[in-house]
Amino acid sequence: MTSFCGFRLRRSLLAAVVTQALSTFPVAAQTATGAQSPAEKAEADTKELVSLEEMVVTAQRRAQDIQEVPIAVTALDAAQLNARGIRNVSDMGVVAPNVIVMVGGSTQTSASIAIRGTTNINPGPYWDQPVALYVDGVYIGKSQGNVFDMLNLERVEVLRGPQGTLFGRNTMAGALSLITRPPSGEFSGDASVSFGNYGSKVTKVTVDLPAMGKLKASLGARVEFRDGWVNTTHGSSEPELANRDSKGTFAGLEYDATDNLTFNYRFDYSKADQRAGFFQTIYSDVEQDLGIPGIIVN
């Protein structure tokens, strides 16, 4: 019993020593590093705060901050579109989750758009689409010709469906809205030329004209050319496939009739003279590898 009491006494003395050492350690550390006053700490916390950039969208047919829109919407501005290399509707598959764009196999000017797994892969003009495509509020009804060069875009809005209340039928899966930039009324412009493999060359020019009274105007053009990467045999009707040769122009006019009345006019023209890729099987080694009769093409 005596040894047990002695053991408890030694533990008590050891705990007292450790407690005394720990109580003096913060004082020494505080003296060495220096303590922050409440005002200094609040200022440091304020510097670490990151503010979100405001994004104005028209997902509910009126201008709103995207943080205040109570629906599932994704928006990208012009800078984000350029950074991602988005040039037309066929590139919209990288805009937001659950959005897939499938370009038609026999043409490069038609695409089926899927949102939340719902789409229509029939390109027939008599088939309605479950995903609506809008350009400045104008409905693009069919998939034929919905792949066009996008000039002077201000932003892209992806609205997950259903959106029939504000955007009508054919929006069961959602809507894809393209909004062009209105004329600024100040003289400015932008020009770019890019090069790539297979002789690729893309030229783009945009200009805003000075305001002429109450009238403002903007103009632009885009030309793209690239050689095909599929060479055909001698004597074929087409010397190459999967080439690109497209041209597009646009014009925007805005007239401020009164303080509460503005007339807007948008003109867009696109022309594509190009060939799709090669989709025929020319070789199969299924028979050699698996012992199953394969495809023989002479």
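This text goes with the structure placed above it.
None of the values given here were measured: they were computed from a predicted structure. (Residues numbered from 1 in each chain as written. Predicted model: local features only at pLDDT ≥ 70, side-chain atom pairs only at ≥ 80, totals over all residues. Heavy atoms only, no water.)

Draft legend 1. Region of interest: the overall build of the protein. For the protein, the helix and strand inventory stands at five helices and 16 strands. Per-residue burial over the protein gives 32% buried out of 298 residues. Considering only intrachain contacts with a sequence separation of at least 6, the fraction spanning at least 24 residues in the protein is 51%. Just so you have it, the protein exposes about 19200 Å², and 58% of that area is on carbon and sulfur atoms. (Helix = DSSP H or I, 4+ residues; strand = E, 2+ residues; numbered from the N terminus. Buried < 20%, exposed > 50% of the residue type's maximum accessible area, 1.4 Å probe, protein only. Contact = heavy atoms within 4.5 Å. Areas by Shrake-Rupley, 256 points an atom, 1.4 Å probe, with all protein chains shown as cover.)

Draft legend 2. Region of the structure containing the pairing of strand 5 (residues 111–115). Of all five residues in strand 5, five are buried, a share of seventy percent or more. The alternating pattern of strand 5 places A111, I113 and I115 and S112 and A114 on opposite faces, both of which are buried. Looking at chain direction, strand 4 (residues 99–103) and strand 5 are connected through five bridges and run antiparallel. Its bridge partner being in strand 5, V99 is matched across the sheet by I115. (Pairing = 2+ DSSP bridges.)

Draft legend 3. Examining unusual backbone geometry more closely. Phi is positive for N98, which is not a glycine, with a value near 65°. Residue position: N98 is located in the loop between helix 3 (78–83) and strand 4. Its identity is not glycine, yet Y198 carries a phi of approximately 55°, on the positive side. On the secondary structure map, Y198 appears in the loop between strand 10 (188–195) and strand 11 (201–208).

Draft legend 4. How the structure looks around the packing of aromatic side chains. In this structure the tally under the stated criterion is two aromatic pairs. Their ring planes at 45° and their centres at 5.5 Å tell us that Y134 and Y139 sit as a pair that is tilted. The exposure class of Y139 is partly exposed, given its relative accessible area of 33%. A connected cluster of aromatic rings, assembled from ring pairs, spans Y134, Y139 and F167. (Phe/Tyr/Trp six-rings, centres within 6.5 Å; stacked < 30°, edge-to-face > 60°.)

Draft legend 5. Focus on the sheet that holds strand 16 (residues 262–272). Taken in spatial order, the five strands of this open sheet run 10-11-12-15-16, and their pairing is antiparallel. On the outer flanks of this sheet lie strand 10 and strand 16, each paired with one strand and no other. For this sheet, the mean inter-axis angle between neighbouring strands, taken without regard to orientation, is 5°. Of the pairings in the sheet, the one linking strand 15 (residues 244–256) to strand 16 comprises eleven bridges and is antiparallel in character. Each bridged residue has a counterpart across the sheet, and for L253 the counterpart in strand 16 is Y265. (Axes fitted to C-alpha atoms, helices over the stretch in contact; angles between N-to-C directions.)

Draft legend 6. Representation of the sheet that holds strand 3 (residues 73–77). The mixed open sheet is built from five strands, whose spatial order is 3-8-9-6-7. Only two strands of the sheet have a single partner each, and these edge strands are strand 3 and strand 7 (138–140). Put simply, the sheet's adjacent strands are angled 20° from each other on average, direction ignored. Of the pairings in the sheet, the one linking strand 6 (residues 131–135) to strand 7 comprises three bridges and is antiparallel in character. Its bridge partner being in strand 7, Y134 is matched across the sheet by Y139.

Draft legend 7. Expanded view of the environment of L76. Counting through the fold element by element, L76 comes out in strand 3. Note on L76: relative accessible area 3%, which makes it buried. Considered as a pair, L76 and M55 are 21 residues apart in the sequence and their alpha carbons are 8.7 Å apart. Among residues more than four places away in sequence, those in contact with L76 are M55, L81, R84, V95, E154, R155 and V156.

Draft legend 8. Representation of the pattern of salt bridges in the model. Taken as a whole and judged by the stated rule, the model has ten salt bridges. E154 is the partner of R155 in a salt bridge, and the nearest nitrogen-oxygen pair spans 2.8 Å. With a closest N to O distance of 3.2 Å, K216 and E254 form a salt bridge. Taken together, the positions of K216 in strand 12 (residues 215–226) and E254 in strand 15 put the pair 38 residues apart, joining distant regions of the chain. Taken together, the shared-partner salt bridges connect E154, R155 and E157 into one network. (Salt bridge = Lys/Arg side-chain N within 4 Å of Asp/Glu carboxyl O.)

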